[in-house]
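Summary of the model geometry
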Amino acid sequence: MSEVRGAAERIVGAHGIRGRVPQELDPGGAYRTGAAFALLTGAPVIAVAHDLRGCSPALADAFAQGVLDQGADALDAGPGPADCLTYLSGYLEVPGALVTAGRAWY
């Protein structure tokens, strides 16, 4: 358990979940994050978007499946920048999640 906690402490921060794909983040982790996000928000609908990087669609799909498996609907917002998801989330009054690569190089 301490190994899992240590990994979580390395990748979870104030501005999101950040880690190397696939070493620290993979579809299984994205699935669990989506499930936790759905439980945490309790929202009936969650918008999910992603950037254009090659690994992002698979991670966004896994996140969305985690949301669905908790009984919420996952609205596929497709690829796009954070501003589009922010607008959509506000317009529809639903929480949103964006799967994107960070700017920091490891």
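Residues numbered from 1 in each chain as written. Predicted model: local features only at pLDDT ≥ 70, side-chain atom pairs only at ≥ 80, totals over all residues. Heavy atoms only, no water.

**Quick look at unusual backbone geometry**
Our working rule: Put simply, DSSP marks the helices as runs of H or I at least four residues long and the strands as runs of E at least two long, and each gets a number from the N terminus on. Relative accessibility decides the category of a residue: with a 1.4 Å probe and only protein chains considered, values under 20% of the type maximum give buried, values over 50% give exposed, and everything between is partly exposed.
Cis geometry is found at the peptide bond from V21 to P22, where omega equals 0°. Of note, P22 is situated in the loop between β2 (16-17) and α2 (27-41). Despite not being glycine, E93 shows a phi value in the positive range, around 55°. Its location among the elements puts E93 in the loop between α4 (82-92) and β5 (96-99). Judged by relative accessible area, E93 falls into the exposed class, the value being 72%.

**A short note on helix α3 (residues 56-68)**
This is how the line gets drawn: Expected helix span is given by 1.5 Å per residue-to-residue step, counting one fewer step than there are residues. Contacts are residue-level and defined by heavy atoms, with any inter-residue pair within 4.5 Å sufficient.
In a regular helix each residue adds 1.5 Å, so 13 residues correspond to 18 Å; α3 covers 18 Å between its end C-alpha atoms and thus fits that length. Those residues of α3 that are buried lie in contact with α2, β3 (45-50), β4 (73-79) and β5.

**Here we look at the pairing of β3**
Test applied: Pairing between strands is defined by DSSP: at least two bridges between the two strands are required. If you view a crossover with the strands going away from you and the path from the first strand over the helix to the second runs clockwise, you call it right-handed.
Burial analysis of β3 places five of its six residues in the buried class, the great majority of the element. In this structure, β3 lies alongside β4, joined through six bridges in parallel fashion. If you follow V45 over to β4, its bridge partner there is D73. Taken together, β3, α3 and β4 constitute a β-α-β crossover, and its handedness is right-handed. Bridge analysis of β3 against β5 gives four bridges, and the strand direction is parallel. Bridge assignment links H50 to a residue of β5, and that residue is V99.

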